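Descriptive structure summary
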Amino acid sequence: MQFPESWLRTLCNPSLSTAELAERLTMAGLEVEELQPVAPPFSKIVVAEIVTAEQHPNADRLRVCQVDAGPHSKEGPLQIVCGAPNARVGIKVPLALVGAQLPPGEDGKPFEIKVGKLRGVESFGMLCSARELKLSEDHAGLLELSADAPLGASVREVLGLDDTLFTLKLTPNLAHHLSLLGLAREVSALTGAPLNMPAVPQAAVTLSDRLPVRIEAPDLCGRFSGRIVRGINPAAATPAWMVERLARCGQRPVNAIVDISNYVMFELGQPTHIFDLAKVGAGLNVRWARQGETLQLLNGQTVTLDPQVGVIADESGVESLAGIMGGEATAVGDHTRDVYIEAAFWWPKAVAGRARRYNFSTDAGHRFERGVDPAGTVRAIERITELLLAICGTADSACGPIDDQWPAQAASGAAATVSMRVSRAAKVLGMPLSRAQCETVFSRLGLAPQGQDDLIHITVPSHRFDLQIEEDLIEEVARVLGFDQLPDTPPLAPVTARVRPEALRGAHAVRRALAGLDYQEGIHFSFVEERWEQELAGNNQAIRVLNPIAAPLSVMRSSLIGSLIQAARGNVARKVSRVRLFEIGRVFKRDDRIPDSDTTVAGIDQPLKVAGLAMGSADALQWASAARPVDFFDVKGDVETLLWPLKPVFVAAEHPALHPGRCAAVQLEGQTIGHVGELHPRWRQGYELPCAPVVFELDLQAVLSRPVPVAQAVSRQQAVWRDLALVAGESLSHDTLVQALAHDPVGLVRSARLFDVYKPKAGASDLQAGERSLAVRLELLDENATLTEDRIEAAVQQALERAAAVGARLRTAV
């Protein structure tokens, strides 16, 4: 929230400097994000009036002006040469006297005014535009000042430029500070300075006219107040003081009627809307929208509504988006004579998120979705009526009675009461507190404490809708005393390390392992393009994002592969030929088995995955080996290294993103934990990659598992090795053969390793077409006795029988 310090000090003026006030607010939880002066430094710039303005004798676009600067023109009017198109007799403008310093330019140095000559005519100063004073970007002409500005007075004093803009970063629970009155209450409580409540007189009711209003949806609107005012002047100009305050709050002036509504919102915190009464039907209905209804808003946008959005409607249709923005059809304009002032209390849950559905936000919606004072509607209407009659009133102006409907008051009954234990507050804050201190805090906040002994009862006023539980009152005590007053007490509780089981490594260990394999970590959004989900994950029911930050990022990812491919594309676009990336992140899948809990969302599975991508050359540029592109087996080796000492099994499989003949499922103990493979040629071409990357994606939980090492005594017996040459067809897989050889019921075969594959040319060997020779080394060991030749031969024969069972025969013994 942005506001000028001068406005705040009209309501509460503590004896603190600007910096001290900012520090006090920050220490009370109202973080002052920025302090910015209204105007840059400049000096000797005063109010002057143009007495004469004659054409320059030697220039068509210059005028020679005689100006009266009051006490600075003791010897008569000053001669100023000026080229502004609006330099005319009778206007009052800023005059930079000789010796004046204008705001610093691009070089950071102030510009000093001296006596000069323009086309042969002397000029004793300079008439200034708003841009030259760096008050705005307007340089179409001189800055015209008010006609009652005193001659010779400092422009800084006349325009109130010795002011500071405060920008507060408020948390959502501090919505009662989204107004100057709310901030003044806070400053008064923090500093003890008196609060100057703005007086709001009741307007004289001279009409009996009422606009019928029906609240059809009490779950949308808790209070609705309105008044008819007739006979106003829509062409009236907004006073300069109001324009100035609105501008310094970041609000662009529109017209007097709209500016008054905005002014009251900043002053009292109650958003309102003013309808052109002539454009409204016979009555208003506060209800939820109907499916398919449309409304053209004041910003020119036409929106399609549904029953989740609240509206104000008449018999012809929707006229306003409840608590957010009015409609163009009933907006005030140049011909407006009669108006209907509306001030309502909309339930926060009924407004929250509705504006973001249509990709815009408003000050009114920002306040209503956080909460406003339901008791402030009538006060806001009276304040608008007062300003409307003072600024836009005519001899024919007349006011009707305020029509006030407050169903929420009847439903809620008496005001809520919240209690706080002084001992509990002292324990939570970690500092000694007395009952007197707490009562003083609550009294300064206007909360009227009651109770006895350790217990304090607070009857919550309507403007403090954030006070609901004991902890809220404890927070108020801490805020008013100042967070800087809390003692720096180290915690006394024992710090117990959370020991990770030895059979489980941390995610950072996985990151270090992948970094050691020459992969670099990437971090990407969890929301991705829908195309990625359909093509790379085969997911046609992706979880949609209700309010995406960008149109393409519309769904939640169920795979990390799409993010890595997009990152690879970015690297390729920047001429990076060798890319090795990994990511550890959460994915999101629909699963009806997932319950709703503190850590889960019903129907949504959110497992952690680890994925990697390798593209380009297998090794960095070097002299020791020839360059070659990375292939499936390189990345398969990386996966084996990552999972070591676990021994994964790779089984031919299919995956939507991967090449059907170069893809494998990664299995541990019979369970598939992920896939590894080369990107499908269709997607390589579709995503415009120069070569096919090899990717893997694994369940992180499986990767984190590490078997605990078990000590094993060194055998006293000597192992025996036998090499066999087996003939097998192309269809026999490596794993099938090795598992058959190693599966020894007697237990003598410790391992079987393939160490050579021979494929002869056609007709050049005893092997038939489609066969190959596989050299396998068997390791045999008996822990309890020395192996004899007979036992060794028997074990080898049994291994050959098991090999024959899977389609391999002995070629010859090596």
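The structure under discussion appears in the preceding block.
We now turn to the structure provided with this report. Residue indices begin from 1 for each chain and proceed along its sequence in written order. At least 70 in pLDDT is required for a residue's local features to be given in this predicted model, at least 80 for side-chain atom pairs to be given and counted, and no such filter applies to totals for whole chains, interfaces and linings, which use all residues. Only hydrogens and water are set aside when side-chain values are computed; all heavy atoms of the structure are taken into account.

The subject of this paragraph is the overall build of the chain. Only runs of H or I of at least four residues qualify as helices and only runs of E of at least two qualify as strands under DSSP, and these elements are numbered from the N terminus. Assigned secondary structure in the chain consists of 22 helices and 40 strands. By its C-alpha atoms, the chain is 130 × 80 × 60 Å across when sized along the principal axes. A burial count over the chain gives 47% of its 814 residues as buried. The contact definition used throughout considers only heavy atoms, calling two residues in contact when any of these lie within 4.5 Å. Residue pairs at least 24 apart in sequence account for 69% of intrachain contacts in the chain once pairs closer than 6 positions are excluded. Only the protein chains shown count as cover for residues, and the accessible areas themselves come from Shrake-Rupley with a 1.4 Å probe. Here the chain displays about 41,500 Å² of accessible surface, and carbon together with sulfur accounts for 51% of that area. By the counting rule applied here, Lys and Arg register as positive and Asp and Glu as negative, while His and the ends of each chain are not counted. A charge is said to be at NZ when it belongs to Lys, at CZ for Arg, at CG for Asp and at CD for Glu. Where the 81 positive side-chain charges of the chain centre and where its 97 negative ones centre are 4 Å apart. Any residue under 20% of the maximum accessible area for its type is buried, any over 50% is exposed, and the rest in between are partly exposed; the area is computed with a 1.4 Å probe on protein chains only.

Looking now at the sheet that holds strand β36 (residues 694–699). Spatially, seven strands are ordered β26-β29-β32-β36-β35-β34-β33 in an open sheet, and the strand pairing comes out mixed. Of all strands in the sheet, those bounded by a partner on one side alone are β26 (520–521) and β33 (649–652). If DSSP finds at least two bridges between two strands, the strands pair. As defined by bridge partners, strand β34 (residues 658–668) adjoins strand β35 (residues 671–679) across seven bridges and the pair is classed as antiparallel. Bridging across to β35, Val666 finds its partner in Gly674.

The term nonpolar core refers to a set of buried residues drawn from Ala, Val, Leu, Ile, Met, Phe, Trp, Tyr and Cys, joined through side-chain atoms within 4.5 Å. Ranked by size, the top nonpolar core spans 76 residues in total, and within it Leu388, Cys392, Met420, Leu433 and Phe442 carry the most contacts. With eight residues, helix α6 (residues 256–268) is the largest single contributor of residues to this core. Other than its neighbours up to four places away in sequence, Met420 contacts Ala425, Cys438, Phe442, Asp454, Leu455, Ile456, Glu470, Leu473, Ile474 and Val477. With 38 residues, the next largest nonpolar core counts Val213, Leu277, Leu297 and Ala364 among its residues.

Before going further, it helps to spend a moment on helix α14 (residues 470–481). For α14, spanning twelve residues, the distance from its first C-alpha to its last is 17 Å, which sits close to the expected 16 Å at 1.5 Å a residue. The complete set of buried residues in α14 reads Glu470, Asp472, Leu473, Ile474, Glu476, Val477, Ala478, Arg479 and Val480. In this fold, the buried residues of α14 make contact with α2 (18–27), α4 (180–191), β24 (417–421), α12 (422–429), α13 (435–444) and β25 (455–459). Phi turns positive one or two residues past the end of α14, at Gly482, with a value near 105°. To estimate the expected span of a helix, subtract one from its residue number and multiply by 1.5 Å.

Attention now goes to the pairing of strand β19 (residues 317–321). Within β19, five of the five residues are buried, which leaves it mostly tucked inside the rest of the structure. Counting the residues that bridge the hairpin from strand β18 (residues 310–314) to β19 gives two residues. The sheet contact formed by β19 and strand β20 (residues 325–326) spans two bridges and is antiparallel. Counterpart to Leu321 in the pairing with β20 is Met325.

Time to look at unusual backbone geometry. Look at the link from Trp644 to Pro645: it is a cis peptide, with omega at 10°. The phi angle at Lys44 is positive, at roughly 60°, despite the residue not being glycine. Checked against the element boundaries, Lys44 lands in strand β3 (residues 43–55). Even without being glycine, Asn359 reaches a positive phi, approximately 60°.

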